[in-house]
Amino acid sequence: MLKLGNFSSIIVANWKLNGNMEFINQYYQKLVLNPNNCVVICSPSIFLNKLEINNKNLFSGAQDVSIYQEGAFTGELSAKMLDDIKIQFSLVGHSERRQYFNESNEIINLKSKNLIENNVIPIICIGETLEEKENNKTNEVLKKQIKESIPVSSNYENTIIAYEPIWAIGTGLTPSLDEIEEVHKFIKTVNVKLNNYKVLYGGSVKASNSDDINSLNNVDGCLVGGASLKVDEFNSIIS
Ligand code: PEP
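Conventions adopted
Residues numbered from 1 in each chain as written. Predicted model: local features only at pLDDT ≥ 70, side-chain atom pairs only at ≥ 80, totals over all residues. Heavy atoms only, no water. Phe/Tyr/Trp six-rings, centres within 6.5 Å; stacked < 30°, edge-to-face > 60°. Buried < 20%, exposed > 50% of the residue type's maximum accessible area, 1.4 Å probe, protein only. Near = heavy atom within 4 Å. Polar contact = N/O pair within 3.5 Å; in protein donor to acceptor, adjacent residues only side chain to side chain. Areas by Shrake-Rupley, 256 points an atom, 1.4 Å probe, with all protein chains shown as cover. Nonpolar A, V, L, I, M, F, W, Y, C, P; charged D, E, K, R; others polar. Axes fitted to C-alpha atoms, helices over the stretch in contact; angles between N-to-C directions. Helix = DSSP H or I, 4+ residues; strand = E, 2+ residues; numbered from the N terminus. Parallel < 35°, antiparallel > 145°, perpendicular 65-115°, else oblique. Left-handed = near helix turned anticlockwise from the far one by under 90°. Contact = heavy atoms within 4.5 Å. Core = buried A, V, L, I, M, F, W, Y, C linked by side-chain atoms within 4.5 Å. Pairing = 2+ DSSP bridges.

**Points about the packing of aromatic side chains**
Each pair of aromatic rings is reported with the distance of its centres and the angle of its planes. Summed over the entire model, instances satisfying the criterion amount to nine aromatic pairs. Ring geometry for Tyr68 against Phe73: centres 3.6 Å apart, planes inclined by 5 degrees, an arrangement best described as stacked. Judged by relative accessible area, which is 36%, Tyr68 ranks as partly exposed. When its relative accessible area of 33% is taken as the criterion, Phe73 is described as partly exposed.

Here's what the structure looks like:
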């Protein structure tokens, strides 16, 4: 498994349901890497085999994985298959999966466990809704998500956590820098085991705020949705 400790920052692009071969060819021609950072491009699964998979600093990631290992489960993609084509990362439990595909913490736990068993690093997404934030429930919600969705086999070398406040995804809104720093500190102290985990921030990260966010204590990188589709903007986030 890749040594996450070798990188000062981990920047993950989530292309969601976007992209085509022409877009990919142009994107990879223009992408400029930073030798200190780990960049992971999470493309729709049909393109995973077409991307430059494992460069020293550039990796491909899936956006989801099946809870099943193999068998009669039409349309599914297993952790073992990802490993077979040398994919080293997969998002798990993105809020869009939780919201539109009814993914529970238990499902996310099982998917993450399967990934770890197959040497693929799960990037487990957690985050509160606006209502939960306004009712001061953020810590309670995150603690429950952490407790229930991170498998026993997880450790700081085989798992990444992404804190993505749901109300900040795709809205242009972000928590204040102090709030991000405070929540990341909270996540890393929910239990002793989490102290050394890489915790990424996601939610309306763009070129104009990425430096400030990435330089916060306890922020180990970021997960970028919309801004990762514009390669010039993504280049300035990476740099
Ligand atoms: C995301 O979808 O994970 C995300 C962070 O999106 P955006 O950057 O567009 O808010």
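**Regarding the site of the ligand**
Neighbouring residues of the ligand: 14 residues in total, closest Lys16, Glu164, Gly170, Ser204 and Gly225. Note that an oxygen atom of the ligand is positioned 2.7 Å from one of the side-chain N or O atoms of Glu164. In the complex, 95% of the free accessible area of the ligand, which totals 290 Å², lies under the protein chains. Here the residues of the shell around the ligand are counted per class, giving four nonpolar, eight polar and two charged.

**Focus on the packing of helix H6 (residues 138–149) against helix H7 (residues 177–188)**
One way to put it is that H6 packs onto H7 with a least axis distance of 10 Å and a crossing angle of 40 degrees. Relative to H7, H6 is oriented oblique. Considering how the two elements wind past one another, H6 and H7 form a crossing that is right-handed. Facing Thr138, Asn139, Leu142, Lys143 and Ile146 of H6, the residues of H7 in contact are Val183, Phe186 and Ile187. Tallied by class, residues from the contact of H6 with H7 come to five nonpolar, two polar and one charged.

**Examining the nonpolar core**
Ranked by size, the top nonpolar core spans 50 residues in total, and within it Ile41, Ile187 and Phe234 carry the most contacts. Here the element with the most residues in this core is helix H9 (residues 231–238); it accounts for four residues. Leaving out residues up to four positions away in the same chain, Ile187 has contacts with Ile126, Leu142, Ile146, Ile161, Tyr163, Leu194 and Val199. Counting residues in hydrophobic clusters, the runner-up holds 18 residues, among them Leu4, Ile10, Val40 and Phe89.

**Side note on the pairing of strand S8 (residues 221–224)**
Burial along S8 is two-sided: the face carrying Gly221 and Leu223 and the face carrying Cys222 and Val224 are both buried. Pairing analysis gives four bridges linking strand S1 (residues 9–14) to S8, with the strands arranged parallel. Considered in S8, the bridge of Ile11 is made with Cys222. As paired strands, strand S7 (residues 198–202) and S8 are joined by two bridges and run parallel to one another. Following the sheet pairing, Gly202 is matched in S8 by Leu223.

Fair warning: the whole summary comes from geometry, so function is off the table for now.
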